[in-house]
Amino acid sequence: MSSQGTESPKDISQKFPHTYAILLAVVIIGAALSYIIPAGEYERTEVDGQTVVVSGSYSAVEQSPVGIFELFMSIPNGLIEASSIIFYIFLIGGAFGIIRATGAIEAAIQKVMDVVKGNEKLMIPVIMLVFSILGFTTGMAEEAIIFVPIGIVLAVALGYDAMVGTAMVTLGAASGFIGGMFNPFTVGIAHGIAELPIFSGWGFRTIIYALVLGLAILYVMHYAKKVKNSPEKSLIYTENKAGQINFTEDVFEFEQLKKRHIFILAVFLIGIIVNIYGIFQHGWFLTELSANFFLIGLVAGLIGGMKVNAIFDAFIDGMKLVVYGAIIVGFARAILVVLESGVIIDTIIHSMSSVLDHIPNALTAIGMLVIQVIINFFIPSGSGQAVTTMPIMVPIADLQEIPRQIAVLAFQYGDAITNTIIPTSASLMGVLAVAGIPYLKWVQFVWKITLLWLLVAAVALVAATLINLQ
């Protein structure tokens, strides 16, 4: 579905090494570095329930190089050490699989689209708001793919182009993903590793989310208005004329919203509220959250009229969708296993912290953001990136005397923002393949809002540092 002489999203994505191959390569490099980098350790102590690095306590220790077989043992050991996170992802994925099988989410979105269809002023902001909510509560990413055709049909019916329809869905979900207030797959995992209360700092995140979403809505509406007034200004005008993007009104529609769908959505909302209450009032962590999501899924399936076997079939299907990201967590953990076995992780932390010692804390936070943006190109899985980077970034935050919440924010924004533009993002490339939009045309459309979001993130990190966000 790409224009002649233009590479398709699939062609471009296949030019990059597989994420698992990249992670294995990093594990091998980590093992090799254990022969080169001097071994060393910090002393650690417990402060207010957190294991913190004691500043100035770094000292050299005996070298402990990682052998070949030990290198490969790091993979199963990484999976074992990250098992609580991996099963957390599987159980939540399974629960969402059941909810999706009931058709409740699709029916609700169909209802919203029906209501705003024909109303140009409401369509873009309302649809983007809805998908952003799914972004910060369920971590919607690949799931957005199935809604893109409907978004395109609506946009074209109102005189826009497929770029507008695609952007409404994907940038809406991305805005919520960036906000991440209650995203269990990124912020939840990062908070667990950083030993912070899960979803703490949600008020600050909500303010940034509102700004990110507002900018995205204005951006898409500006482009939409330009295309409607002058169709030839569409970035995909050539593809439209060539018939390469051709969604018609007979594109599939989801079933209509029924009472059982409303009850299922109510159960989901109540479940989220219970999770938030449990986190802040009873200190719930991954085990309790997993159990509650599993319960939400079961209740939703029963309300949806699903038979027991169908419920668990949907549960398995939901887990299948998150296998890629869940197992990445184990591979990413293997990197830490190797660095710890070689006793060089503290040496790396010491070296990075020494470089940052004479830099203002606000710039340290921006430096963390830059590092996360770079790493995200190679590890686009949010949960995998959290497991890879947070064990290093958290001690650096401690040594630089900035709140751990800043390290989590830097990860969150560095991971989420560039997912809208990097060719290694499976969800992005899937969306573009379904929409028939050439990757380079999408980059031409989205680079400005991506840059704006990164500027917002940088300012947010500076502000969070100045107010000492906890």
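Below: a short report on this structure. It should be emphasised that the depicted structure is a prediction, and the values quoted were computed from it without experimental measurement.

**Considering the overall build of the chain**
Consideration 1: Per the secondary structure count, the chain includes 20 helices and 4 strands.
Consideration 2: In terms of overall dimensions, the chain is globule-like: its C-alpha atoms have a radius of gyration of 23 Å, near the 23 Å expected for 470 residues.
Consideration 3: Along the longest, intermediate and shortest principal axes, the C-alpha atoms of the chain span 70 × 50 × 45 Å.
Consideration 4: Per-residue burial for the chain yields a buried fraction of 55% across its 470 residues.
Consideration 5: For the chain, contacts bridging at least 24 residues in sequence account for 80% of all contacts bridging at least 6.
Consideration 6: Looking at the chain as shown, the accessible area adds up to about 19700 Å², and 67% of this sits on carbon and sulfur atoms.

**Concerning the layout of surface pockets**
Consideration 1: Here the largest pocket is characterised by a volume of approximately 1000 Å³.
Consideration 2: Taken together, 45 residues make up the lining of the largest pocket; nearest its centre are G139, M140, A141, E142 and E143.
Consideration 3: Of all the elements in the fold, those that place two or more residues in the lining of the largest pocket are α4 (83-101), α5 (104-116), α6 (120-138), α8 (162-179), α14 (308-341), α17 (382-399), α18 (404-416) and α19 (426-435).
Consideration 4: Top element by residues in the lining of the largest pocket is α8. It accounts for 6 residues.
Consideration 5: Its residues placed into classes, the lining of the largest pocket shows 26 nonpolar, 14 polar and 5 charged.
Consideration 6: What the second largest pocket holds in volume is close to 540 Å³.
Consideration 7: Together, 28 residues line the second largest pocket, and I193, E195, R333, L336 and P391 are the ones closest to its centre.
Consideration 8: Secondary-structure elements contributing two or more residues to the lining of the second largest pocket are β3 (50-53), α4, α9 (187-193), α13 (286-303), α14, α15 (345-356) and α17.
Consideration 9: Per element, the largest residue contribution to the lining of the second largest pocket is 6 residues, and it comes from α17.

**A look at the pattern of salt bridges**
Consideration 1: Enumeration over the complete set of coordinates arrives at 5 salt bridges.
Consideration 2: Between R44 and D346 there is a salt bridge; the shortest N-O distance is 2.8 Å. Note that R44 is positioned in strand β2 (residues 44-47) and D346 in helix α15, a separation of 302 residues in sequence.
Consideration 3: Taking the relative accessible area as the measure of exposure, R44 reaches 40% and is therefore partly exposed.
Consideration 4: Measuring nitrogen to oxygen at the nearest pair gives 3.3 Å for the salt bridge that ties R404 to E195. Taken together, the residues R404 in helix α18 and E195 in the loop between α9 and α10 (202-229) connect sequence positions 209 residues apart.
Consideration 5: By relative accessible area, R404 is classed as buried at 6%.
Consideration 6: What makes E195 partly exposed here is its relative accessible area of 33%.

**Section: empty space enclosed by the protein**
Consideration 1: Under the defined criterion, the tally for this structure stands at 1 cavity of 30 Å³ or more.
Consideration 2: Estimates place the volume of the largest cavity at around 60 Å³.
Consideration 3: Lining the largest cavity, in full, are T137, F182, P184, F199, I272, N275, I276 and F293.
Consideration 4: A total of 3 residues in the lining of the largest cavity trace back to one element, the largest contributor, which is helix α12 (residues 259-282).
Consideration 5: When grouped by side-chain class, the residues that make up the lining of the largest cavity number 6 nonpolar, 2 polar and no charged.

**Considering the nonpolar core**
Where a protein is soluble and globular, its nonpolar side chains tend to be buried together.
Consideration 1: Ranked by internal contacts, the top residues of the largest apolar core, which has 151 residues, are F131, L171 and W442.
Consideration 2: Broken down by element, this core gets its largest block of residues, 15 residues, from α14.
Consideration 3: For F131, the residues in contact, after removing those within four places along its chain, are I109, M113, M140, F147, V169, G172 and A173.

**Things to note about the packing of helix α3 (residues 68-81) against α14**
Consideration 1: One way to put it is that α3 packs onto α14 with a least axis distance of 7 Å and a crossing angle of 125°. When the axes of α3 and α14 are compared, the pair comes out oblique. When the axes of α3 and α14 are compared, the crossing they make is right-handed. Listed contacts from α14 to E70, S74, I75, N77, G78, L79 and E81 of α3 are I327, G330, F331, R333, A334, V337, V338 and S341.
Consideration 2: Classifying every residue of the contact of α3 with α14 by side-chain character gives 7 nonpolar, 5 polar and 3 charged.

**Observations concerning the environment of I375**
Consideration 1: Relative to the helices and strands, I375 resides in helix α16 (residues 361-378).
Consideration 2: Assessed through its relative accessible area of 22%, I375 is described here as partly exposed.
Consideration 3: Through-space distance from the C-alpha of I375 to that of T388 is 9.3 Å; in sequence the pair is 13 residues apart.
Consideration 4: Those residues in contact with I375, other than ones at most four positions away along the chain, are Q385 and T389.

**Focus on the pairing of β3**
Consideration 1: Across 4 bridges, β2 lies against β3 in antiparallel orientation. Its bridge partner lying in β3, E46 is registered against T51.
Consideration 2: What sits between β2 and β3 in their antiparallel hairpin is a turn of 2 residues, with D48 showing a positive phi close to 55°.

**Section: helix α7 (residues 148-157)**
Consideration 1: The element α7 is extensively covered by neighbouring structure, given that 8 of its 10 residues are classed as buried.
Consideration 2: Every buried residue of α7 is accounted for by V148, P149, I150, G151, I152, V153, L154 and A155.
Consideration 3: Its buried side turned inward, α7 meets α5, α6, α8 and α19.
Consideration 4: Immediately downstream of α7, the backbone of G159 shows phi near 90°, a positive value.

Each value, and the rule that gives it
- Residues numbered from 1 in each chain as written.
- Predicted model: local features only at pLDDT ≥ 70, side-chain atom pairs only at ≥ 80, totals over all residues.
- Heavy atoms only, no water.
- Helix = DSSP H or I, 4+ residues; strand = E, 2+ residues; numbered from the N terminus.
- Rg over C-alpha atoms; globule rule 2.2 N^0.38 Å.
- Buried < 20%, exposed > 50% of the residue type's maximum accessible area, 1.4 Å probe, protein only.
- Contact = heavy atoms within 4.5 Å.
- Areas by Shrake-Rupley, 256 points an atom, 1.4 Å probe, with all protein chains shown as cover.
- 1 Å grid on protein atoms, 1.4 Å probe; cavity = no way out; pocket = protein on both sides within 12 Å on 5 of 7 lines; lining within 4 Å.
- Points joined across faces, edges and corners; volume = space filled by probe spheres on them.
- Nonpolar A, V, L, I, M, F, W, Y, C, P; charged D, E, K, R; others polar.
- Salt bridge = Lys/Arg side-chain N within 4 Å of Asp/Glu carboxyl O.
- Core = buried A, V, L, I, M, F, W, Y, C linked by side-chain atoms within 4.5 Å.
- Axes fitted to C-alpha atoms, helices over the stretch in contact; angles between N-to-C directions.
- Parallel < 35°, antiparallel > 145°, perpendicular 65-115°, else oblique.
- Left-handed = near helix turned anticlockwise from the far one by under 90°.
- Pairing = 2+ DSSP bridges.

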